[in-house]
Amino acid sequence: MERKVGSSTLTAKEVKAALEKSTTLTAEEEKALRMRHGAGAPSKSAPLPRAAGANAELADELLVIEMQLMKAMRARTAAKATKAPAAVPTREAPANAAKDKIVRALRAKKK
């Protein structure tokens, strides 16, 4: 093997473009390369990768779990929305002890 003469520098854009085309890297390898070279995610609007990959049975199972979690979340938020507010006291609670003391002193002075 011949030794390379000179140096080359990779930019974050070049690494990002190469990672988008690559299909042989594992998730850990891709993460390491992105962190090493400062290349961010492909785009903010890109869909998230599917955990099931090409496994249809696993995809179905994950979908069922996701639906159960969504149902539980909706039930919990609906319960919070219909929950009765705390009992309101009939007489207003004093806002400030110092203020009450001043008011009482002024009333006593008036007499």
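Values in this document were obtained by computation on a predicted structure and should not be read as measured data. Numbers given to residues run from 1 along each chain, matching the order in which its sequence is written. Per-residue local features are limited, in this predicted model, to residues with pLDDT of at least 70; the limit for side-chain atom pairs, both in listing and counting, is 80 or more; totals at the level of whole chains, interfaces and linings are taken over all residues. The side-chain quantities take in all heavy atoms of the structure and omit both hydrogens and water.

## Remarks on helix α3 (residues 56-82)
And step 1. In DSSP terms, a helix is any run of H or I states spanning at least four residues, a strand is any run of E spanning at least two, and both are numbered starting from the N terminus. To estimate the expected span of a helix, subtract one from its residue number and multiply by 1.5 Å. The end-to-end C-alpha separation of α3 is 39 Å, in line with the 39 Å expected for 27 residues at 1.5 Å each.
And step 2. You can read the cap of α3 off the contacts: a side-chain oxygen lies 3.2 Å from the backbone nitrogen of glutamate 57, and it is on asparagine 55. For the purposes of these results, a polar contact is taken to be a pair of N or O atoms within 3.5 Å, where, inside protein, one atom must be able to donate a hydrogen and its partner to accept one; residues adjacent in sequence count only when each atom of the pair is a side-chain atom.

## A closer look at the confidence of the model for the protein
And step 1. Values of pLDDT, the confidence the predictor places in each residue, fall between 0 and 100. Confidence in the prediction for the protein averages 81 pLDDT; 84% of positions are at 70 or higher.
And step 2. Least confident of the elements in the protein is helix α1 (residues 12-21), whose mean pLDDT is 85; most confident is α3, at 91.

## Some remarks on the layout of surface pockets
And step 1. The volume enclosed by the second largest pocket comes to roughly 180 Å³.
And step 2. Forming the boundary of the second largest pocket are Arg50, Ala51, Ala52, Gly53, Ala59, Leu62, Leu63 and Glu66.
And step 3. Just so you know the grouping, Ala, Val, Leu, Ile, Met, Phe, Trp, Tyr, Cys and Pro go in nonpolar, Asp, Glu, Lys and Arg go in charged, and all remaining residues, Gly too, go in polar. Of the residues in the lining of the second largest pocket, the class split is 5 nonpolar, 1 polar and 2 charged. Using a 1 Å grid laid over the protein atoms alone, points where a 1.4 Å probe fits but cannot get out form a cavity; open sets with protein on both sides within 12 Å along at least 5 of 7 lines form a pocket; any residue with an atom within 4 Å of a point counts as lining. Grid points are joined across faces, edges and corners, and a volume is the space filled by probe spheres set on the points.

## So, the pattern of salt bridges
Any two side chains of opposite charge can pair, given that their charged atoms come close.
And step 1. Whenever a carboxyl oxygen of Asp or Glu lies within 4 Å of a side-chain nitrogen of Lys or Arg, that contact is scored as a salt bridge. For the structure on display, the rule yields 1 salt bridge.
And step 2. In this structure, arginine 34 engages glutamate 30 in a salt bridge whose closest nitrogen and oxygen atoms are separated by 2.9 Å. Placement of the pair is arginine 34 and glutamate 30 together in helix α2 (residues 27-37), with a separation of 4 residues, close to one helical turn.

## Re the packing of α1 against α2
And step 1. With axes taken as lines fitted to C-alpha atoms, and helix axes fitted only over the stretch in contact, angles between N-to-C directions fall between 0 and 180 degrees. The N-to-C vectors of α1 and α2 enclose an angle of 165°; their axes lie 9 Å apart at closest approach. Taken together, the axes of α1 and α2 lie roughly antiparallel to each other. For the element pair α1 and α2, the recorded crossing hand is left-handed. The residues of α2 that touch α1, namely those facing Ala12, Val15, Lys16 and Leu19, are Glu30, Leu33, Arg34 and His37.
And step 2. Split by residue class, the contact of α1 with α2 holds 4 nonpolar, 1 polar and 3 charged. Angle categories are assigned with fixed cut-offs, so that under 35 degrees is roughly parallel, over 145 is roughly antiparallel, 65 to 115 is roughly perpendicular, and the rest are oblique. For a crossing to be left-handed, the near helix must be turned anticlockwise from the far one by less than a right angle; the clockwise case is right-handed. Should any heavy atoms of two residues lie within 4.5 Å, those residues are considered in contact.

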